[in-house]
Amino acid sequence: MNTALIREQFPILHQEINGHPLVYLDNAATSQKPLAVIEAIKHYYEFDNSNVHRGVHTLGSRATDAYEGAREKVARFLNAKRREIIFTRGTTTALNLVASSYGRANCKEGDEIVITQMEHHSNLIPWQQVAKATGATLKYIPLQEDGSVDLADVEKTVTENTKIVAIAHVSNVLGVVNPVKEIAAIAHRKGAVIVVDGAQSTPHMKVDVQDIDADFYAFSGHKMCAPTGIGALYGKKALLENMEPIEFGGEMIDDVGLYESTWKELPWKFEGGTPIIAGAVGLGAAIDFLESIGLDAIAQHESRLSNYALKRLREVDGLKIYGPAERHVGLVTFNLDDVHPHDVATVLDSKGVAIRAGHHCCQPLMRWLKASATARASFYLYNTEEDIDALVSALIQTKEYFGDAT
Ligand code: PMP
């Protein structure tokens, strides 16, 4: 993988911030966009823009082909079938769709929904709401000391009463990869479905929903080179077919009467209203771009970077790293002495280094880590060892800056 050539594809990276070359290490929040994606969206608006599925004119069919073509690419990307891919605004909307439709219809008092304390709020609050609305119990798989999940604990927590197991494939704070395939097998053996939050996995590794045997899999385009506002939910056809839509209106109907209506077939019954057409086109272009480089090559590059980052960050006196000692997919979360992570991020920004600071939408995990907030540096295919060197030297300067205060 030629990182220099890849960087040329990302115009935003070639600028100075506060007099320093930009070092963008906030990829877990959102990734930057390559020219191929920017051009695809521009081309769509310059030549093909129209509404989908109803126009009989040429632009209408071009827009429909572009939108449905993007669905085909997402299906191939996840090893799913076209009808099992529902376009959504992102992971949050996808998980809320499963919770509001499948969750509310399939849980009742005495049933259990099993999640973990490392979940992003998007894969936690929707299940709290389902539990409240249905009387089901929300249960947590305990975490190991390093934040990972032990399969023996999954066996104990998931019971015959469990209806849903919902878990992140990769944690956005700890960077751990959860053994979702093995967890899916346990869930299925006990009669539950598994919902996987793929927000932090699809950008960084090859995902095969059939190999995992996921019942539902959610992801966001904007973390994998596509624009904001587009993502998808994969669901097994047999499950989706028996689920009710949660948004009603145009585009999703078959026949509308005064008192009763019927819905389109999959996947359109879940896509009420004019969809995010240009976003889907951008997502399709992002998938082409990532596949042209190769997800395995990207994963290897990031694994090398993460290892290098862990090694270099351990050289910074007073730096506490969270998560397992080794496996960190694409990110490292840390705190520097007693300096508030917002202050760390502010000083780093003055050196051109962009990182994230805060609770990362994981307040229950922050409590478990006994930290009110943390700093997080997250990497992508365009990051280099020089970026990590810049991070480390900015952190050393931050430490000097706060001096006695720490
Ligand atoms: N889950 C995880 C693990 C995430 O990292 C994120 C984004 N930070 C989300 C869910 C929510 O994604 P979005 O905001 O794109 O819906």
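Here, the structure is the one placed above.
Residues numbered from 1 in each chain as written. Predicted model: local features only at pLDDT ≥ 70, side-chain atom pairs only at ≥ 80, totals over all residues. Heavy atoms only, no water.

Some details on the environment of V23
For V23, the position within the fold is in strand 3 (residues 23–24). Judged by its relative accessible area of 7%, V23 is buried. C-alpha of V23 to C-alpha of D387: the two residues are 364 residues apart in sequence and 5.8 Å apart in space. Beyond its immediate chain neighbours, meaning those up to four positions away, V23 contacts G352, V353, A354, D387 and A390. (Helix = DSSP H or I, 4+ residues; strand = E, 2+ residues; numbered from the N terminus. Buried < 20%, exposed > 50% of the residue type's maximum accessible area, 1.4 Å probe, protein only. Contact = heavy atoms within 4.5 Å.)

Focus: helix 14 (residues 385–402)
Its 18 residues place the ends of helix 14 26 Å apart at the C-alpha level, agreeing with the 26 Å of an ideal helix rising 1.5 Å per residue. Here helix 14 has its buried residues at D387, I388, L391, V392, A394, L395, T398 and F402. Considered in projection along helix 14, the buried side chains sweep an arc of 165° and stay on one side of the axis. Opposite the packed face of helix 14, turned more than 90 degrees from it, sit the exposed residues E386 and E400. Residue G403 follows helix 14 closely and has a positive phi angle near 35°. (Expected span 1.5 Å × (residues − 1). Arc of directions from axis to C-beta.)

Some details on the packing of helix 10 (residues 277–293) against helix 11 (residues 295–313)
Across the interface, helix 10 lies against helix 11 with an axial gap of 5 Å and an inter-helix angle of 70°. Taken as axis vectors, helix 10 and helix 11 run roughly perpendicular relative to one another. In this structure, helix 10 contributes L290, E291 and I293 to the contact, and helix 11 contributes L295, A297 and I298. Of the residues belonging to the contact of helix 10 with helix 11, the class tally is five nonpolar, no polar and one charged. (Axes fitted to C-alpha atoms, helices over the stretch in contact; angles between N-to-C directions. Parallel < 35°, antiparallel > 145°, perpendicular 65-115°, else oblique. Nonpolar A, V, L, I, M, F, W, Y, C, P; charged D, E, K, R; others polar.)

With respect to the packing of helix 12 (residues 341–350) against helix 14
Here helix 12 crosses helix 14 at 115°, and the two axes come no closer than 9 Å. For the pair helix 12 and helix 14, the crossing hand works out as right-handed. Contacts between helix 12 and helix 14 pair D343, V344, V347 and L348 from the former with L391, A394, L395, T398, Y401 and F402 from the latter. Grouping the amino acids of the contact of helix 12 with helix 14 by side-chain chemistry returns eight nonpolar, one polar and one charged. (Left-handed = near helix turned anticlockwise from the far one by under 90°.)

Quick word on the site of the ligand
Taken together, T91, T92, H120, S122, N172, D197, A199, Q200, S220, H222 and K223 are the residues near the ligand. The separation between an oxygen atom of the ligand and a polar side-chain atom of T92 is 2.5 Å. For the ligand, whose unbound accessible area comes to 400 Å², protein coverage reaches 85%. Each residue belonging to the shell around the ligand can be placed in one class, and the counts come to one nonpolar, eight polar and two charged. (Near = heavy atom within 4 Å. Polar contact = N/O pair within 3.5 Å; in protein donor to acceptor, adjacent residues only side chain to side chain. Areas by Shrake-Rupley, 256 points an atom, 1.4 Å probe, with all protein chains shown as cover.)

Quick notes on the packing of aromatic side chains
Throughout the structure, instances matching the rule amount to nine aromatic pairs. Between Y67 and F87 the ring centres are 5.1 Å apart and the planes differ by 45°, which places this aromatic pair in the tilted class. One end of the pair, Y67, is in helix 3 (residues 58–78); the other, F87, is in strand 4 (residues 85–88), with 20 residues separating them in the sequence. Just as Y67 is buried, F87 falls in that class too. Geometrically, the ring pair formed by F248 and W263 is tilted, given 5.3 Å between the ring centres and 50° between the ring planes. Of this pair, F248 sits in the loop between helix 9 (237–241) and strand 11 (253–256) while W263 sits in strand 12 (residues 261–263), and the two are 15 residues apart along the sequence. (Phe/Tyr/Trp six-rings, centres within 6.5 Å; stacked < 30°, edge-to-face > 60°.)

A short note on the pairing of strand 4
Because side chains alternate across strand 4, one face comprises the buried residues I85 and F87, and the other comprises I86 and T88, equally buried. When strand 4 meets strand 10 (residues 231–235), the two strands line up antiparallel, connected through four bridges. Paired with F87 across the strands is A232, a residue of strand 10. (Pairing = 2+ DSSP bridges.)

Some words on the pairing of strand 17 (residues 374–378)
Most of strand 17 is tucked away: five of the five residues are buried. On strand 17, burial covers both faces: T374, R376 and S378 on one face and A375 and A377 on the other are all buried. Across three bridges, the pairing between strand 16 (residues 356–358) and strand 17 is antiparallel. Pairing of R356 across the sheet is with R376, part of strand 17.

Purely geometric stuff here, so don't read any function into it on its own.
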